[in-house]
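# Coordinate inspection notes
What follows is the residue order along each chain.
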Amino acid sequence: VNTNSAALSQLLSKNYTEAAQTLAQIATPDATTEYLKAVLAARTGQEATAIQSLKNAFAKDASLKERAKRDLEFLSLFNNDTFQSIVK
């Protein structure tokens, strides 16, 4: 089943390839889908993709900015100027 919950489960199990496939096949991606894509990208060292996915998530639900500011999944991005500008 291609859902955000399935992708989250795969991320937590460190099945990154499966998580990427699940997220890519979600019929109607929402803010949570984009946020999960950002988490996946951050975990796999794809900084630019993580930032773009966060921008997409924030465009759909701006309240996620507050969460991302403190989310340790994005620890590697905390000092990134672009990350800092998009979470404001």
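Attention in this report is confined to the structure presented alongside it.

Here is what the cut-offs are and how they apply
- Residues numbered from 1 in each chain as written.
- Predicted model: local features only at pLDDT ≥ 70, side-chain atom pairs only at ≥ 80, totals over all residues.
- Heavy atoms only, no water.
- Axes fitted to C-alpha atoms, helices over the stretch in contact; angles between N-to-C directions.
- Helix = DSSP H or I, 4+ residues; strand = E, 2+ residues; numbered from the N terminus.
- Parallel < 35°, antiparallel > 145°, perpendicular 65-115°, else oblique.
- Left-handed = near helix turned anticlockwise from the far one by under 90°.
- Contact = heavy atoms within 4.5 Å.
- Nonpolar A, V, L, I, M, F, W, Y, C, P; charged D, E, K, R; others polar.
- Core = buried A, V, L, I, M, F, W, Y, C linked by side-chain atoms within 4.5 Å.
- Buried < 20%, exposed > 50% of the residue type's maximum accessible area, 1.4 Å probe, protein only.

Helix H3 (residues 31–43) packs onto helix H1 (residues 4–12) with a crossing angle of 15° between their chain directions and a minimal axis gap of 10 Å. The pairing of H1 with H3 is recorded here as roughly parallel in orientation. Remark: the crossing between H1 and H3 carries left-handed chirality. From H1, Asn4, Ala7, Leu8, Leu11 and Leu12 reach across to H3, where they touch Thr32, Thr33, Leu36, Val39, Leu40 and Arg43. Of the residues that constitute the contact of H1 with H3, the class distribution is seven nonpolar, three polar and one charged.

A separate point is the packing of H1 against helix H2 (residues 16–24). At a minimum axis separation of 8 Å, H1 and H2 run at an interaxial angle of 165°. Between H1 and H2, the interaxial angle falls into the category roughly antiparallel. Between H1 and H2 the crossing geometry is left-handed. Only Tyr16, Glu18, Ala19, Thr22 and Leu23 of H2 make contact with H1, whose side of the interface consists of Asn4, Ala6, Ala7, Gln10 and Leu11.

Counting 25 residues, the largest nonpolar core has Tyr35, Leu54, Phe58, Ala68 and Phe74 as its most contacted members. For this core, the secondary-structure elements that each account for two or more residues are H1, H2, H3, helix H4 (47–60), helix H5 (64–70) and helix H6 (81–86). Considering each element in turn, this core owes the most residues, eight residues, to H3. Look past the residues within four positions of Leu54 in its chain and what remains in contact with it is Tyr35, Ala38, Ala68, Phe74, Phe83 and Ile86.

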